[in-house]
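Residue-level listing of the chains:
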Amino acid sequence: MTNLVILVGRISRDPETRSTQGGSSITTINVVTDRPARNKEGKTYKDDNGYTVKDAEFHRVTCFNGLGANVAKYCKKGQLVSVEGRLHYSSWEDQDGVKRYGCEIYADKVDFHTKPRSGENEDAPPIDED
């Protein structure tokens, strides 16, 4: 059996880092991917400017410890990244007693495909841009 996720998309906002009571570091990023939108007949269509209309999806990605530290240090909103990891589902009860459910990706690997914008994280390691 396999639980494997591979995403390639852009970071939709700067990483957020927090620490657990045990001292572990957790960094969260949101990665946005898009795909062509489809009409009722299942066909793609274009907007008034001639561009194919896209549907965006936002994916919550959680990075732990060393990986999280690197993501927090070198990633910024707008960067293109690829993420390899697994789906993790959780459930909890909110303040009103309503059962809630969530899904996120626990990252095993994050590759940076673009550099941060000029002036940001200029000490970042070189990025292979094939």
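Residues numbered from 1 in each chain as written. Predicted model: local features only at pLDDT ≥ 70, side-chain atom pairs only at ≥ 80, totals over all residues. Heavy atoms only, no water.

What follows is about the overall build of the protein chain. A count of helical and extended segments in the protein chain gives 1 helix and 6 strands. Traced from its N-terminal end to its C-terminal end, the protein chain shows the element sequence β-β-β-β-α-β-β. Within the span of the protein chain, comprising 130 residues, buried residues form 27% of the whole. Long-range contacts, defined as pairs at least 24 residues apart, comprise 60% of the intrachain contacts of the protein chain with a sequence gap of at least 6. Total accessible area on the protein chain stands at roughly 9,200 Å², and carbon and sulfur atoms take up 45% of it. (Helix = DSSP H or I, 4+ residues; strand = E, 2+ residues; numbered from the N terminus. Buried < 20%, exposed > 50% of the residue type's maximum accessible area, 1.4 Å probe, protein only. Contact = heavy atoms within 4.5 Å. Areas by Shrake-Rupley, 256 points an atom, 1.4 Å probe, with all protein chains shown as cover.)

Along an α-helix, residues three or four apart share an orientation, since each turn contains 3.6 residues. For helix H1 (residues 65–74), the complete set of buried residues consists of Gly68, Val71 and Tyr74. Taken around the axis of H1, the buried residues stretch over an arc of 155°, which confines them to a single face. Elements that come into contact with the buried residues of H1 comprise strand E3 (25–36), strand E4 (54–64) and strand E6 (99–112). (Arc of directions from axis to C-beta.)

Once that is clear, we can look at the environment of Lys46. As for its placement among the helices and strands, Lys46 is situated in the loop between E3 and E4. Note: C-alpha distance between Lys46 and Pro36 (10 residues apart in sequence) is 9.4 Å. Those residues in contact with Lys46, other than ones at most four positions away along the chain, are Tyr51, Thr52 and Val53. Of the polar contacts made by the side chain of Lys46, one reaches the side chain of Thr52; its length is 3.4 Å. (Polar contact = N/O pair within 3.5 Å; in protein donor to acceptor, adjacent residues only side chain to side chain.)

In terms of nonpolar packing, the biggest core is built from 16 residues, with Val61, Val71, Val81, Val83, Val110 and Phe112 touching the most fellow members. Take this core: its biggest share by element is 4 residues, from E6. Residue contacts for Val81: discarding those within four places in its chain leaves Leu7, Val8, Gly9, Ile11, Val31, Cys75, Val110, Asp111, Phe112 and His113. (Core = buried A, V, L, I, M, F, W, Y, C linked by side-chain atoms within 4.5 Å.)

To continue, consider the pairing of E3. Strand direction decides the pairing type here: strand E1 (residues 5–11) and E3, joined by 2 bridges, are antiparallel. Looking at the pairing, Ile11 lines up with Val31 of E3. Pairing between strand E2 (residues 16–19) and E3: 4 bridges, direction antiparallel. The residue bridging Arg18 from the neighbouring strand is Ile26, located in E3. What sits between E2 and E3 in their antiparallel hairpin is a turn of 5 residues, with Gly23 showing a positive phi close to 95°. Where E3 and E4 come together, 11 bridges link them in antiparallel fashion. Pairing of Thr28 across the sheet is with Thr62, part of E4. (Pairing = 2+ DSSP bridges.)

Taken as a whole and judged by the stated rule, the model has 2 aromatic pairs. Both rings, one in Phe64 and one in Tyr106, keep their centres 5.1 Å apart while their planes meet at 90°; by these two values the pair is edge-to-face. One end of the pair, Phe64, is in strand E4; the other, Tyr106, is in strand E6, with 42 residues separating them in the sequence. Overall, the relative accessible area of 32% leaves Phe64 in the partly exposed class. Measuring from centroid to centroid gives 6.4 Å for Tyr74 and Phe112, while their planes differ by 55°, and the two rings are tilted. Taken together, the residues Tyr74 in helix H1 and Phe112 in strand E6 connect sequence positions 38 residues apart. Residue Tyr74 shares its accessibility class with Phe112, and that shared class is buried. (Phe/Tyr/Trp six-rings, centres within 6.5 Å; stacked < 30°, edge-to-face > 60°.)

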